[in-house]
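The lines below spell out each chain.
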Amino acid sequence: MKQLVDVVVNGEHKQIAQGATLLEVLAELELDPRAVVVEHNRRIVRRPGLGDVTVAAGDAIELVHFVGGG
Amino acid sequence: MATAVETIQAMPLTIGGRTFQSRLMVGTGKYPDMDTMTRAIEASGAEVVTVAVRRVNLDRSKETSVLHFLDPKHFFLANTAGCYTAADAIRYARLAREAGFNDFVKLEVIGDEETLMPDVQGLLEAAKVLVQEGFKVLAYTNEDLVTALRLEDAGCAAVMPLASPIGSGLGLLNPLSVRTIKRRLHVPVIVDAGVGTASDACVTMEQGVDGILMNTAIAAAQDPVAMAHAMRLATIAGRAAYLAGRMPRREIAVPSSPNRGMLD
């Protein structure tokens, strides 16, 4: 069984399998990668690169989209 | 002879190389429900609709992106609402661009929580960085001419002075300053924030500005769809009246009917 690591996603503590890619994190959260923008440790990761970036303990991930606003 | 509507359609608004038929831009916040929002935006005739960048709710049962409810024919203008520093506004703008729709941003750097007045120093700082990065920056600012000139110098695609504080519905408080900004700038001037009802939109457009952006005036009306329609008409009416050129003001009466031909 894979070891779990603590990461912070949108301010919430989550346990993610060590070595998981950002694409796998999105799948775990049931989020469509086309519908969110991903920021990993303050750096934007473009959609084609989501499968190449792996998550490590203590990482901060922000997943954003558009909401109503003026 | 061309109708007022035809006259307006013959002179579309161009911002940062993009041309828009409607001079009314609308927000997508604060609607009672998504169906009302969709119908109100349709009734407004607006092409540009603003959206905000926020965290996805990780509990997927609760919410979906506003884009789900918006016709893709619209031009999505992301804002940096809620940002209080240049660095935050830059961060939000970059995230918004990554969504892949366009490189326009409605730049807000707020300086005061009570009035939501812009921090013009932070605004200029963020505008310079974002322009360098290729953004088309539409800068939400106050009615100060010098700030507006500096935003233009910084390369902003449009300058957006407020009519009155965001969400206040107080209407155009400073027509002279807005007119002066319009007269002195070369880039489009879009009045953003503060209108409360159709007459406010009309008076604002009569100042000769290039467009108007509003959210609360429509969303918080008792009937948002009807108000959106009224705003559409008022924006067109105000623009048409500006182009028509109003009569001079006089402080004494001048009869409209002939004095001659009266009975003995």
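Quick note: structure is the one above.
Residues numbered from 1 in each chain as written. Chains lettered and ligands numbered in written order. Predicted model: local features only at pLDDT ≥ 70, side-chain atom pairs only at ≥ 80, totals over all residues. Heavy atoms only, no water.

(A) Focus on the overall build of chain A. A tally of helices and strands in chain A yields 1 helix and 5 strands. Each helix and strand of chain A, ordered N terminal to C terminal, gives the series β-β-α-β-β-β. A globule of 70 residues ought to have a C-alpha radius of gyration of about 11 Å, and chain A, at 12 Å, matches this closely. The dimensions of chain A, computed from C-alpha atoms along their principal axes, are 45 × 25 × 20 Å. Within the span of chain A, comprising 70 residues, buried residues form 41% of the whole. Counting only contacts in chain A whose residues sit at least 6 apart along the sequence, the fraction spanning at least 24 positions is 48%. For chain A, the computed accessible surface area is about 3900 Å², with 49% contributed by carbon and sulfur atoms. (Helix = DSSP H or I, 4+ residues; strand = E, 2+ residues; numbered from the N terminus. Rg over C-alpha atoms; globule rule 2.2 N^0.38 Å. Buried < 20%, exposed > 50% of the residue type's maximum accessible area, 1.4 Å probe, protein only. Contact = heavy atoms within 4.5 Å. Areas by Shrake-Rupley, 256 points an atom, 1.4 Å probe, with all protein chains shown as cover.)

(B) Region of the structure containing helix 2 (residues 34–44) of chain B. All names here are of chain B. Taken as a whole, helix 2 has its buried residues at Thr-36, Met-37, Ala-40, Ile-41, Ala-43 and Ser-44. When helix 2 is viewed along its axis, its buried side chains cluster within an angular range of 160° and face the same direction. Packing partners of the buried residues in helix 2 comprise strand 3 (24–26), strand 4 (48–55), helix 8 (216–219) and helix 9 (224–244). Put simply, Asp-33 is the residue that caps the front of helix 2, since its side-chain oxygen is 3.2 Å from the backbone nitrogen of Asp-35. With its phi angle positive at about 70°, Gly-45 sits one or two positions after the end of helix 2. (Arc of directions from axis to C-beta. Polar contact = N/O pair within 3.5 Å; in protein donor to acceptor, adjacent residues only side chain to side chain.)

(C) Fine view of the environment of A:Thr54. Residue and element names in this part refer to chain A. By the element assignment, Thr-54 lies in the loop between strand 4 (43–45) and strand 5 (60–68). When the C-alpha positions of Thr-54 and Val-36 are compared, they lie 18 Å apart, and in sequence the two are 18 residues distant. Apart from the residues lying within four places of it in its own chain, the contact partners of Thr-54 are Gly-19, Ala-20, Thr-21, His-40 and Asp-59.

(D) Examining the packing of helix 4 (residues 120–132) of chain B against helix 5 (residues 145–153) of chain B more closely. Residue and element names in this part refer to chain B. Following both chains from N to C, one finds helix 4 and helix 5 inclined at 10°, their axes separated by 9 Å at the closest point. As the angle between them shows, helix 4 and helix 5 are arranged roughly parallel. Here Val-120, Leu-123, Leu-124 and Ala-127 of helix 4 lie close against helix 5, whose contacting residues are Thr-147, Arg-150 and Leu-151. Here the contact of helix 4 with helix 5 is composed, by residue class, of 5 nonpolar, 1 polar and 1 charged. (Axes fitted to C-alpha atoms, helices over the stretch in contact; angles between N-to-C directions. Parallel < 35°, antiparallel > 145°, perpendicular 65-115°, else oblique. Nonpolar A, V, L, I, M, F, W, Y, C, P; charged D, E, K, R; others polar.)

(E) A look at the environment of A:Glu39. For A:Glu39, the position within the fold is in strand 3 (residues 37–40). Judged by relative accessible area, A:Glu39 falls into the buried class, the value being 3%. For the pair formed by A:Glu39 and A:Val9, sequence separation is 30 residues and the distance between their alpha carbons is 9.9 Å. Here A:Glu39 is in contact with A:Ile44, A:Ala60, A:Ile61, A:Glu62, B:Arg91 and B:Leu95, once residues within four sequence places are set aside. A distance of 2.5 Å separates the side chain of A:Glu39 from the side chain of B:Arg91, its partner in a polar contact.

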